Amino acid sequence: MTVTQQRFAMQPAQTRESAAPQIGQAAPWQPSIRPAARPAGGAVGDVGTRRRTPLALVPTPIRKSGRGFAALCIAVLVAALMAVLITNITVSNRQYELVSLKNEQLDLSQSNEVLRQQVEHLEAPQNLSAEARRLGMVNPGDIASIDLATGAVTGTATAADAEDQPGGHVASPVSPEEKQAAAQAADPEAADTAQPEGAAAPAATPEGGTEGGPEETTGVPEQDLNGGTIPAPQFSARGN
Amino acid sequence: MARTPGDGAALDASGRRLRFGVLIALALLAVLGLRLVVIQGVDASGHATVAMQERLRSVTITPERGSILDSQGRVLAASVDRYDLVADQRLVKDYRAWNNETGEMEDVSLDESLRELSTVLGIDAGELKDRMVGERPYKVIVKRVTPEVKAKALEIGIPGLLAEPVSERSYPNGSVAGSILGFLGGDGTPLEGLELSQDEHLSGTAGERSYEIAADGVRIPNAEFSETPAVDGQDVRLTIDQDVQWFAQEAIAEKTESYDALWGNMTVMNAKTGEILAMADSTTVDPADPTATDTLFWRPTSLTQSYEPGSTGKISSFATALEHGVSPTDTWTVPNKQEFDGQIISDSAPHDTYDMTTAGIFTRSYNTGTVQVAQTVDDQVRYEDMKRLGIGEHLDIGLPGSNKGILVEPSQWDGRQRFTTMFGQGYTQTTLHLAQILQTVANGGVQKDPQLIDAYIDADDSENVVPEAEGTRIYSEETSQQMLKLLEGVVQQGTAQTGKVPGYRVGGKTGTGEAAGVGGYNGYTTSFAGVAPLDDPQFVVAISVHRPQGNWKNWEVEDTAAEMLTYLLTKYNVPPQDQEPQHYDVFPDEPQKRPW
């Protein structure tokens, strides 16, 4: 007979016999064990053995719930460990994500900067006028204007002079690419403050490199990660 | 259960083992306890600090240097990211690298990688090898490469090759406005121009970031962290328009070249506000390469070079005389040569003695007549007007190196200087002074301080506009109106007839001053100050060309001013007025056309 069966077998007998008459004997300050034990003993007659049997059985429910408790503890522990693990993984993944997003931001802002520099270079007045000359444009003649409110025409427009081309005296700015080439040609430790005059573009400009460069992709480029999967953080000069 | 001797022995043995184990455990515990006491009790805070220092990293956050913008917000100077490539030569050798395709490590020869790097950097392979190979732990291979080149160079994977981020200044317009912008030294120290004078605004405030890192270099999340963010520098927006500046530089360079002069300059000003639209020199420094240009042109010569103005100085003499009772139509007898207080004053070219109006004398720029007109006013009054116009005073437009010119008090004038100051000799001023004087006359007699900086723009795009100067009244409205007609006469029938602009009324005054050199006057400065349109003056242009070659009779710079004014009127959509000229007669009697 298992412990559980015993307990269920015993209980009806106890409650039936101890029902009404014994209640008055238990004073409020007395431990509750005694009134519970006495009626059980009185009913059967053999006080000694009768008392011991239920005492022996008391631990059984504890032992039983102890197993459940242990399982619960282990479950909680495992859950906590899992939670810590997951948190850690998530946090460090976020860290790496942060690094890669920052790198991406830097890449984007730097490629933006390159584009902006190109626009600024093309917008420089010298380059605009050079382009205008190339297209055969000339300075305008005298202008006239029409007042839309009154319809009055003021001024006398004249034809432009075909020879009167703009510009030519102010040197064109050095383009970012030329500047790069000149800077690279210079020995960095020879002249620190300025590049030598008229540093000619070296024979092998990075022209070929800019277009036919291997694996030129944007977004997440296939970088050399030395066998790893996580890119190292990059920095710009401006503390990004 | 009965005890046997064998059982007792086993029990003793296991008991001893137990006791032995307990002793060892206790000993270890004692060691740990002692260590704990040492760490926690003896120097707890010291250890904590050391540990913190091990983990804590502080990084200075460099603020971004502000840009310099033109009046339309176009970039004149900005900072860009660059990298210095540096090698630890001790590590540069053959190496093993991961091959992404085969998925395994393989040997790479250094020579092969260097050849690849040489193509990327555009440096000769031999030269590159010299720079890369050696024993030095720190050797700069190449400075200031773009992020793109840096990425390609590092992709090759040569060990010991590192990139250090640096900031570089970019001047996309080259030498346009170069002398105004100034430049930075190789180490980023501002050396000239606005870069120097506005450094306080441009540079911003550095921040600092402290955080703890783990042994693998990744930041420890939730650990101590503090960050003082950097405050980026302010952008400085100028009153300069880069297109106007370029046009002015083109025009003055052409003029200076055609007369083979030492230098020439032009200042373009808004007549109503004193805002400087352009300050051009015949030669201008390219801030990207300052050493290629003579140091004279590192700053605007309109600001730094003073000279005796010659006849453009008559503008203030006549305005003061008109202010004090002389009428433009008063009649004077003007000979070619005349003696005043023992000083012979003569005109530059011989002419008959004429009866002329005040305006006529100004139109033909006769010195003898000018002295007659100007000496109707007390010397002290004339001096004070000149002083108030700014001659002999520094003009603060936010640029270093302004030249105040020389104007001494009347008490120190010698017998001849008293008269020469009436027609622009015996004192010096800059082209900016000249522009400011004409601006005062053109703006109803109210002088506005010349202004170069329009606004400071914070990193969050909020603008701090520099308030417009209130202005100082120097001449009356009436004097101003009369002066504009006098100036128109010069362009219509006087010394500046090539200064006309079809469709608009233009006024101006020419001048050819003798330039002092070693051993006396030995050259000239020819100048012109013009204003248009006269019905509602908008633009003032002042030009001077220093030490032109050839005959003075052939020099004229008013055509350059007319070209500039035409450009300005068209660019800023000022419609032609087609009004008749309103200048005064040169002679009280007909004919008006007489030989010079």
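Residues numbered from 1 in each chain as written. Chains lettered and ligands numbered in written order. Predicted model: local features only at pLDDT ≥ 70, side-chain atom pairs only at ≥ 80, totals over all residues. Heavy atoms only, no water.

## A word on the overall build of chain A
When its secondary structure is counted, chain A shows 7 helices and 2 strands. Of the regular secondary structure in chain A, the N- to C-terminal order runs α-α-α-α-α-β-β-α-α. Across the 240 residues in chain A, those meeting the buried criterion constitute 17%. If you take every contact in chain A between residues at least 6 apart in sequence, the share linking residues at least 24 apart comes to 54%. (Helix = DSSP H or I, 4+ residues; strand = E, 2+ residues; numbered from the N terminus. Buried < 20%, exposed > 50% of the residue type's maximum accessible area, 1.4 Å probe, protein only. Contact = heavy atoms within 4.5 Å.)

## Some thoughts on the environment of Pro350(B)
Residues and elements named next belong to chain B. Here Pro350 lies in the loop between β15 (343-346) and β16 (354-357). Given the relative accessible area of 66%, Pro350 is considered exposed. Beyond its immediate chain neighbours, meaning those up to four positions away, Pro350 contacts Asn336 and Trp596.

## Digging into the packing of helix α5 (residues 125-134) of chain A against helix α9 (residues 242-258) of chain B
Where α5(A) meets α9(B), the closest approach of the two axes is 9 Å, and the angle between their N-to-C directions is 70°. When the interaxial angle is binned, α5(A) and α9(B) end up roughly perpendicular. Contact residues: α5(A) offers Pro125(A), Gln126(A) and Ser129(A), while α9(B) offers Gln242(B), Asp243(B) and Trp246(B). Among the residues forming the contact of α5(A) with α9(B), the class breakdown is 2 nonpolar, 3 polar and 1 charged. (Axes fitted to C-alpha atoms, helices over the stretch in contact; angles between N-to-C directions. Parallel < 35°, antiparallel > 145°, perpendicular 65-115°, else oblique. Nonpolar A, V, L, I, M, F, W, Y, C, P; charged D, E, K, R; others polar.)

## Thoughts on the sheet that holds strand β11 (residues 263-270) of chain B
All names here are of chain B. As summarised here, the arrangement of the 5 strands in space is β12-β11-β23-β22-β21, forming an open sheet in which the pairing is antiparallel. At either end of the open sheet lies a strand with only one pairing partner, and these are β12 (276-281) and β21 (507-517). The mean angle between the axes of side-by-side strands here comes to 10°, regardless of whether they run parallel or antiparallel. Of the strand pairs in this sheet, β21 and strand β22 (residues 520-532) are connected by 11 bridges, and their pairing is antiparallel. Across the sheet, residue Gly517 finds its bridge partner in β22, namely Gly520. Packed on one face of the sheet, helix α18 (residues 558-571) meets β11, β12, β21, β22 and β23 (539-546) and runs near 150° to β23. (Pairing = 2+ DSSP bridges.)

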